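# Residue-level structural notes
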Amino acid sequence: MTIDKSLKSRKGIVRARNVLTRAEQIEKLREMDRWTDGVSPIGLPKVRVYKVVVKKKKKKEKTEEGEVAAAPKKAAKK
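We now turn to the structure provided with this report. Remember, predicted model here, so these are calculated numbers, not experimental data.

### Concerning the nonpolar core
The biggest cluster of nonpolar side chains holds six residues, and these are L20, I26, L29, W35, L44 and V47. Setting aside residues up to four positions removed in sequence, L20 forms contacts with Q25, K28, V47 and V49.

Right under this line is the structure:
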């Protein structure tokens, strides 16, 4: 059964995948210098998949107008 076009996400999968294709495994092994040409792609060694954690951006505390509006309130308390 296929998924309707309206239900598919446009960017593809957003979360981290824990299973790589053979081509992706070989690519990672090449980056780590653990792959030599001529070796069978069957029975590849395990490749660790690191999850990328994105930190949330901090919101700006107050705009310049907000600081100006907050100043008279502080003066009124004194």
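The discussion continues.
### Some remarks on the pattern of salt bridges
A complete count under the given rule lists one salt bridge for this structure. Taking the shortest distance from any N to any O, the salt bridge between D37 and R30 comes out at 3.5 Å. A relative accessible area of 48% means that R30 is categorised as partly exposed.

### Quick word on the environment of N18
Within the secondary structure, N18 sits in the segment before α1 (22-31). Through-space distance from the C-alpha of N18 to that of Y50 is 8.5 Å; in sequence the pair is 32 residues apart.

### Quick notes on the environment of Q25
Tracing the chain through its elements places Q25 in helix α1. Between the C-alpha atoms of Q25 and V47, which are 22 residues apart in sequence, the distance is 6.5 Å. Those residues within four positions of Q25 in sequence are excluded, and the remaining contacts are L20, L44 and V47.

Rules of the game
- Residues numbered from 1 in each chain as written.
- Predicted model: local features only at pLDDT ≥ 70, side-chain atom pairs only at ≥ 80, totals over all residues.
- Heavy atoms only, no water.
- Core = buried A, V, L, I, M, F, W, Y, C linked by side-chain atoms within 4.5 Å.
- Buried < 20%, exposed > 50% of the residue type's maximum accessible area, 1.4 Å probe, protein only.
- Contact = heavy atoms within 4.5 Å.
- Salt bridge = Lys/Arg side-chain N within 4 Å of Asp/Glu carboxyl O.
- Helix = DSSP H or I, 4+ residues; strand = E, 2+ residues; numbered from the N terminus.

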